[in-house]
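Read off the chains here:
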Amino acid sequence: MSLTYFMPTRVVWGPGSLDGVGPATHGLGCRNVLVVTDPVIGKQAFFARVLDSLRAAGLETALFDACGIDARLAHIDEQAARCRAERIDGIVCVGGGSVMCTGKGVAIVAANGTTLRDHLGAGNFDRPALPMVMVPTTAGSGSEVSQFTIVKDEERHLKLLAGGPLSFPAVAVLDPAVLATLPRSAAVLPAVDALTHAIEAYLSDLASPLTDALALESARLQAASMRASILDGDETARADNLLASAMSNIACGNARLSHAHALSLPLEGHLDLAHPLGVGTLVPWTMAHNAAAVPAKGRRLAEALGADVAGLTDTQAVEAGVAALFRLYDDIGFARHLTPDHLPPERCAEMARLAVPGLYAPQTPPHIDEDTHIVAPAARPMTVAQATRIYERCLGR
Ligand SMILES: [Fe+2]
């Protein structure tokens, strides 16, 4: 099987890098940009710094600051029309995953048509998206280095994916200053999501030595920095955490996401569960499931997560890795289990069937039974019956 590694986004990292947003955007040839954010970020001092940097570089700026918890189709189509009407030639996003996914959707639609609905799926558009500069304010979704946007279709209870090689952000600016005012509760969820991206990429069957290097070091860096970044506000740990989040998404952008993300999708779409709660509670079990097929990798991953694996068998090492993950969850205040309010126990089997198409299957197979495989690039296949059991374990059963 031949594999391709592709990541064209320039990553600028470290304290003070926020002030380079204006020159970087100007350097892309942009003159009139749409700045996308949310109502909370829009009031922060670092957001004003970004605007100052853009204006000092001679750029005109228009503002969209109404992003919510999820990127929404309606926002994207409406702001893309505005971009065409106002001759906007670039997008600057300052925010978390939903802000960056909104801006990326706008950049795709503004260049390609009238609605994101026409461009859903992978690579389903012909013209390059408007140039994008991303300033992630959480560590994080990793959307700043991803070609994809994930958008909620509120009418159909679905999470939709769009993007392709023509929608990579041009520049990602990672400045730990953005994390200084982030409430602890708002830091935990995206941090757990980012860690799942590293684990999923490492245990994907599309993993390569290139993506493994990024995923494993990203997992190590996140496990080592997350407590100090979230609990102590340590600037070096925050910078490490931001970079590790981007690294994990570069890894999963190439090796793809696996079972935790596939199984989380129906929980998000049908039960309105927040994405990090889904993937974070699923990943200890999907990690153990997949590591069983690649024990040497499972052992290295457990070590990266902080487990002492000396003298343990490979199976015990993976168990120690899961335990290390749970200790991290306990320390940063992320619940180990879902509650019956999140996932009614009687709906586990239904969710497993709904999870079959995963993120990457074009359509649901016509016949699904207990032995049907969940569509996900993974070290080990997973049946609907096994997925049902994993949902139950997420409930602590
Ligand atoms: Fe995720």
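Calculation criteria
Residues numbered from 1 in each chain as written. Predicted model: local features only at pLDDT ≥ 70, side-chain atom pairs only at ≥ 80, totals over all residues. Heavy atoms only, no water. Helix = DSSP H or I, 4+ residues; strand = E, 2+ residues; numbered from the N terminus. Rg over C-alpha atoms; globule rule 2.2 N^0.38 Å. Buried < 20%, exposed > 50% of the residue type's maximum accessible area, 1.4 Å probe, protein only. Contact = heavy atoms within 4.5 Å. Lys, Arg positive; Asp, Glu negative; His and termini not counted. Charge placed at Lys NZ, Arg CZ, Asp CG, Glu CD. Donors = N, O, S within 2.8 Å, 3.2 Å for Na, K, Ca; no water. Tetrahedral: all angles 85-135°; square planar, octahedral: opposite > 155°, others 65-115°. UniProt positions renumbered as here; feature names shortened; annotations may be inferred. Pairing = 2+ DSSP bridges. Axes fitted to C-alpha atoms, helices over the stretch in contact; angles between N-to-C directions. Parallel < 35°, antiparallel > 145°, perpendicular 65-115°, else oblique. Core = buried A, V, L, I, M, F, W, Y, C linked by side-chain atoms within 4.5 Å. Domains from an automatic or database assignment. Phe/Tyr/Trp six-rings, centres within 6.5 Å; stacked < 30°, edge-to-face > 60°. Lys NZ or Arg CZ within 6 Å of the ring centre and 35° of its normal. Buried area = accessible area lost by both parts, 1.4 Å probe. Salt bridge = Lys/Arg side-chain N within 4 Å of Asp/Glu carboxyl O. Polar contact = N/O pair within 3.5 Å; in protein donor to acceptor, adjacent residues only side chain to side chain. Nonpolar A, V, L, I, M, F, W, Y, C, P; charged D, E, K, R; others polar.

Some thoughts on the overall build of the chain
Then step 1. Per the secondary structure count, the chain includes 13 helices and nine strands.
Then step 2. The C-alpha atoms of the chain give 20 Å as radius of gyration, which agrees with the globular expectation for 397 residues (21 Å, within 12%).
Then step 3. The dimensions of the chain, computed from C-alpha atoms along their principal axes, are 60 × 50 × 45 Å.
Then step 4. Within the span of the chain, comprising 397 residues, buried residues form 57% of the whole.
Then step 5. Partitioning the intrachain contacts of the chain with sequence separation of at least 6 by distance along the chain shows that 78% fall at a separation of at least 24.
Then step 6. Measuring between centres, the 31 positive side-chain charges of the chain sit 1 Å from its 41 negative side-chain charges.

Some thoughts on the coordination of the iron ion
Then step 1. Protein coordination of the iron ion is provided by D193 (OD), H197 (NE2), H261 (NE2) and H275 (NE2), with donor distances spanning 2.2 Å.
Then step 2. Each of the four donor atoms around the iron ion contributes to a set of angles spanning 86 to 169 degrees, which defines the coordination as irregular.
Then step 3. When the donor residues of the iron ion are listed from N- to C-terminus, their spacing reads D-x3-H-x63-H-x13-H. Taken together, the positions of D193 in helix α5 (residues 184-202) and H261 in helix α8 (residues 259-271) put the pair 68 residues apart, joining distant regions of the chain.

Examining the side chain of S225
Then step 1. Mapped onto the fold, S225 is located in helix α6 (residues 209-232).
Then step 2. Look past the residues within four positions of S225 in its chain and what remains in contact with it is A237, D240 and N241.

Regarding the UniProt feature "domain: Alcohol dehydrogenase iron-type/glycerol dehydrogenase GldA" (unreviewed entry) in the chain
Then step 1. What UniProt calls "domain: Alcohol dehydrogenase iron-type/glycerol dehydrogenase GldA" (unreviewed entry) maps, in this numbering, to residues 8-176.
Then step 2. Secondary structure across residues 8-176 divides into 28% helix and 25% strand, with the first and last C-alpha atoms of the span separated by 22 Å.

Considering the pairing of strand β7 (residues 148-153)
Then step 1. Most of β7 sits out of view: five of its six residues are buried.
Then step 2. One ladder, built from six bridges, connects β7 with strand β8 (residues 158-163); its direction is antiparallel. Residue pairing in the sheet places D153 in a bridge with L158 of β8.

Concerning the packing of α6 against helix α11 (residues 314-332)
Then step 1. Close contact between α6 and α11 brings their axes to 10 Å; oriented N to C, the two are set at 10 degrees. It follows from the interaxial angle that α6 and α11 lie roughly parallel. Here α6 contributes A223, M226, R227, I230 and L231 to the contact with α11, which in turn contributes R327, L328, D331 and I332.

Some thoughts on the nonpolar core
Then step 1. Core analysis: the largest hydrophobic core is formed by 96 residues, its most contacted members being L263 and Y391.
Then step 2. Looking at which domains feed residues into this core, each of domain 1 (10-179) and domain 2 (185-395) supplies at least three.
Then step 3. Contact partners of Y391, with chain neighbours within four places excluded, come to L263, P266, L267, L282, L343, C348, M351, A352 and A355.
Then step 4. In this structure, A80, F125, L130 and V151 belong to the second largest nonpolar core, which totals 30 residues.

Topic: the packing of aromatic side chains
Each aromatic ring pair is summarised here by two numbers: the centre-to-centre distance and the angle between the ring planes.
Then step 1. Considering all chains together, one arrives at four aromatic pairs under this definition.
Then step 2. Between W285 and F326, the ring centres sit 5.8 Å apart and the planes meet at 55 degrees, which makes this aromatic pair tilted. With a gap of 41 residues between them, W285 in helix α9 (residues 275-291) and F326 in helix α11 connect regions that are remote in the sequence.
Then step 3. For W285, a relative accessible area of 15% puts it in the buried group.
Then step 4. Judged by centre distance (4.7 Å) and plane angle (65 degrees), the ring pair of Y329 and F334 falls under edge-to-face.
Then step 5. Judged by its relative accessible area of 3%, F334 is buried.
Then step 6. In this structure, K297 is placed above the aromatic ring of Y202, and the distance from its NZ or CZ to the ring centre is 4.4 Å.

Focus: the domain arrangement of the chain
Then step 1. Segmenting the chain into domains produces domain 1 (10-179) and domain 2 (185-395).
Then step 2. If you look at the interface, domain 1 gives 23 residues, while domain 2 gives 27 residues.
Then step 3. Carbon and sulfur atoms make up 63% of the surface buried where domain 1 meets domain 2, a total of about 2000 Å² over both sides.
Then step 4. Summed over the shared surface of domain 1 and domain 2, the number is one salt bridge.
Then step 5. Between K152 and D272 there is a salt bridge, with the nearest N and O atoms lying 2.6 Å from each other.
Then step 6. On inspection of domain 1 and its partner domain 2, the count reaches six residue pairs in polar contact (both at pLDDT 80 or more).
Then step 7. Sorting the residues of the side of domain 1 that touches domain 2 by element identifies β1 (10-13), β7 and β8 as the ones contributing at least two each.
Then step 8. Its residues assigned to classes, the side of domain 1 that touches domain 2 shows 12 nonpolar, seven polar and four charged.

Description of the side chain of R238
Then step 1. Here R238 lies in helix α7 (residues 235-255).
Then step 2. Notably, R238 is buried but unbridged: the nearest opposite-charge side chain belongs to E235, and the N-O separation is 6.6 Å.

Brief notes about the sheet that holds strand β2 (residues 32-36)
Then step 1. Strand order in this open sheet of six strands is β1-β9-β6-β4-β2-β3, and the pairing throughout is parallel. Two strands lie at the open edges of the sheet, namely β1 and β3 (60-64), each paired on one side alone. Ignoring which end each strand starts from, the neighbouring axes of this sheet average 20 degrees apart.
Then step 2. Strand direction decides the pairing type here: strand β6 (residues 132-136) and strand β9 (residues 171-174), joined by two bridges, are parallel. Opposite M134, over in β9, you have A172 as the bridge partner.
Then step 3. The sheet contacts of helix α2 (residues 45-56) involve β2, β3 and β4 (90-95), and relative to β4 the element is tilted by about 160 degrees.
Then step 4. The strands touched by helix α3 (residues 73-85) within the sheet are β2, β3 and β4, with β3 carrying the most contacts at an inclination of about 160 degrees.

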